[in-house]
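# Coordinates in review
If you want the building blocks of each chain, they are given just below.
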Amino acid sequence: MHTDWPSIFSKMKKAEERVNSEPVSTASYCRLVLEECMYKVYDLEYLELPYNKDLVHLMSQEEIKELIPFQHMNGLHIARKTGNNAAHFGRRVSNADALISLKYLFGFLKWFAQTYSEVRPELPGTFDETQIPKVGEQQRQLKTLRREREEKQAALQTKIDQLLKEKEAILELAQESELALEAYKAREAEAKLSLKEQKQKRVVHIPTEFTEAETRKHLIDIDLKEAGWDNLRESRELEYPVKNMPVTTDNPKGKGYVDYVLWDDNGLPLALVEAKRTTKDIEIGKHQAFLYANCLEQMHGQRPVIFYTNGYETKIWDDTFYSTARRVYGFYTKDELQWMIQQRNTRMDIRRATVDPEICGRPYQIEAIQRVNESFVTDGDTGIRGNKRQSLLVMATGSGKTRVAAALVDVLFKHNWVKRVLFLADRNALVRQAKNRFKEFLEDLSSIDLTEEKENDTTRLVFSTYPSMMNRIDNVRNQDERFYGVGHFDLIIVDEAHRSVYNRYQAIFEYFDALIVGLTATPKDSIDHNTFELFGCGNDDPTYSFELDEAVPIYLNPYKNIDVATDFLREGIKYKQLSEREKEKYEETFEDKSTGLFPEEISANAMNKWLFNKDTINKVLDALMEHGLKIEGGDKLGRTIIFAVNQKHAKFIEDCFTERYPEKPSGFIAMIHNKVSHAQSLIDAFCDEFAENLPQIAISVDMMDTGIDAPRVLNLVFFKVVRSYAKFWQMIGRGTRLCPDVYGPNKAKDYFLIFDVCKNFEFLISIKRERWKYD
């Protein structure tokens, strides 16, 4: 391996040398080697990298699970988690832990070399522990080893970047012409065939260094350690003896031994873990775990939370509140179990809760909260019992979803259902907006924006983007980053919940064992069937819905559509007739970045006139300045959002405006997109609901299309094609919010204007019925 894979060999050599002197370093190097090998497998097998490139996702793709033998994959997850712990301050990695990781990598690398080396290698036999240097032999090297530690992550990243660039360079070169592309595909097919033949010639079973029972124990122990349970003692945490088990011929004295018992500081059992063989159905252990819980309750006066597992799948069952067990992806920390035990005596019936009218008092908002409450709880023989754990609220843009979420959190906190809440959104601006709104309503609950701040033990509300949270739940953590256990959050609120979010960030919803409330403004009849299933809503029926036609005109403003006469045509060039290179350019220009959709056809003339024709843009701007709704007695254009197709388009519109209206003050119009420095400050100024600030016109490229609250907006200019019916109505929602004094004291907005340059109404309303309009 040192000739074919020198980088891997070098890292594994260091890992082996440091088992006894620096086990943390060994565990870290094993994880680095694993990550490097994963990238090499993707490259050698010509597999497309997943959207999320964290190690756990690289390992979890179906193609990878089919390629790597099952017995090796389980050990690799142990090495991955041990490597995570090695990088996390306070998570001790022992010599034994490091050796376990090393031995799992040893078996895997034999398979890797056997499968992918150009020349069939001569593989070593079993792992020889006598070859590992003793502690005394390493003392001379310690100073040098510590200096080297900093280089490992940078070296791997450099190598990965190099591999990706090489692959991208080949693809770019191949796409220079159709012939080159076909040649590249032929070479790729030839390489795949060659690799397949090589594998067939080298089919040899390469066992791991551990038995199935040892691997199962390692999997359970590493998950327990990750949750802070790393001091496991025989006859206490391990194989704890109990009495009062059912008397049978095989067990005449009714004794038993619980595989794992997790104890509170007061000596009472918090949880038990019953482990069964991998070959057994996980449910085989459920009844035995139930009997052990009975014994521990009789012996200690407290019923433990039940976990049962076969090492690869784990379920939790708090049978004092929920009638069924549910799958979890780890074990609870001591703090999380203590909270669960405490809730047994303090959790109250939320169906009887009174919603704080200062947070939300509209009838439909109160009903939405009540429907969620009724879905979470039901009646039991001796009191309330848990029911569903997911809910979906479909509420029109501007109807107060954030207020409803805040009021629901308030109810759940006051009734001891939740202690920590996670709010997820897809953009930094929406995270900050949600945090500010919650702080306004729930000022006594500590909160942080995870994209900008660090959490401490007292934080109750965490606001985060999906990628930020993904990086926290399975990645190498810095010493000052908080570790989130699977039971850390009691409630997750998902802003604009839909299937694509779940598909991309499924690991978040699987990892955290929490109640989940999804919020969406997508009309009910446009929601994907699978989204309803994800939130436990059968028959395509959400937990509660309050849509646009119900909200207008009492709670939301209607619109008035202004016809802007342009020569823009929606159809023309056929996408399927373009070359691969032309398709790439076409997609770059016309793709909607948030939905991934683009028109199948469009006229070349229309494209030029619509996108970069100065006369057309000036015509639209003139129509806006002449007919747009105005404030300050008609002297000043009201706040306006122009939806542009991309950043170049936005810049062209801005340049046209400043040239045509030089009398307007600096900053009157501004672009808002992710390449604009300090874009958030522009959004904050534009969305101020109490004062008119510059910019008065915001040219948005995706950042303000959905989710942003801007009550003073009076005009919307659609300078882009919108192919998604659901997104179109969400964009319209930027103007629907009520504003009582936009025209002056007690002079409220009663409608807003839409300038539909690209004939979106004509196209989309011909498919879906028009829901509401200002007459």
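None of these values were measured; they are calculated from a predicted model.

### Notes on the pairing of strand β13 (residues 491-495)
When you tally the buried positions in β13, you get 5 out of 5 residues, the bulk of the element. Direction of pairing for β13 relative to strand β14 (residues 515-520): parallel, over a ladder of 5 bridges. Its bridge partner being in β14, D495 is matched across the sheet by L519.

### Side note on the nonpolar core
It is characteristic of soluble globular proteins that their nonpolar side chains tend to be buried jointly. Of all hydrophobic cores here, the largest spans 76 residues; its most connected members are V409 and F438. Once residues within four sequence positions are removed from consideration, F438 is found in contact with T402, A405, A406, V409, F423, E443, L461, F463 and I493. In this structure, A271, F307, I316 and V462 belong to the second largest nonpolar core, which totals 46 residues.

### Topic: the packing of aromatic side chains
Each aromatic ring pair is described using two quantities: the centre-to-centre distance and the angle formed by the ring planes. Within the structure shown, the criterion is met by 30 aromatic pairs. Here the aromatic rings of F112 and Y116 are separated by 5.3 Å at their centres, their planes lie at 55 degrees, and the arrangement is tilted. Taken together, the positions of F112 and Y116, both in helix α6 (residues 95-116) and 4 residues apart, correspond to about one turn of that helix. Like F112, the residue Y116 is buried in the burial classification. Taking the centre distance of 4.9 Å and the plane angle of 75 degrees together, the rings of Y240 and W263 count as edge-to-face. Here Y240 is found in strand β1 (residues 238-242), whereas its partner W263 is found in strand β2 (residues 256-263), with 23 residues between them in sequence.

### What about the pattern of salt bridges?
For the coordinates displayed, the defined rule picks out 41 salt bridges. The partner of R344 in a salt bridge is D318, with the nearest N and O atoms 3.1 Å apart. Of the two residues, R344 sits in helix α13 (residues 334-346) while D318 sits in the loop between β5 (314-317) and β6 (326-328), which places them 26 residues apart along the sequence. Residue R344 is classed as partly exposed on the basis of its relative accessible area of 24%. Exposure remark for D318: the relative accessible area of 5% places this residue in the buried category. Ionic contacts of the salt-bridge type, sharing partners, join the residues D349, R351, R352 and D379 into one network.

### Observations concerning the sheet that holds strand β21 (residues 639-643)
Read across the sheet, 6 strands follow the order β16-β25-β24-β21-β23-β22 without closing on themselves; strand pairing throughout is parallel. Of all the strands in the sheet, just β16 (559-562) and β22 (669-672) have a single pairing partner and so form its edges. Within this sheet the neighbouring strands show an average axis-to-axis angle of 20 degrees, counted without direction. Sheet topology note: the β16/strand β25 (residues 752-756) ladder contains 4 bridges and is parallel. Of the residues in β25, the one forming a bridge with N561 is I754. On the sheet, helix α23 (residues 614-627) packs against β21, β23 (697-700), β24 (713-718) and β25 and is oriented at approximately 165 degrees with respect to β25.

Conventions adopted
- Residues numbered from 1 in each chain as written.
- Predicted model: local features only at pLDDT ≥ 70, side-chain atom pairs only at ≥ 80, totals over all residues.
- Heavy atoms only, no water.
- Buried < 20%, exposed > 50% of the residue type's maximum accessible area, 1.4 Å probe, protein only.
- Helix = DSSP H or I, 4+ residues; strand = E, 2+ residues; numbered from the N terminus.
- Pairing = 2+ DSSP bridges.
- Core = buried A, V, L, I, M, F, W, Y, C linked by side-chain atoms within 4.5 Å.
- Contact = heavy atoms within 4.5 Å.
- Phe/Tyr/Trp six-rings, centres within 6.5 Å; stacked < 30°, edge-to-face > 60°.
- Salt bridge = Lys/Arg side-chain N within 4 Å of Asp/Glu carboxyl O.
- Axes fitted to C-alpha atoms, helices over the stretch in contact; angles between N-to-C directions.

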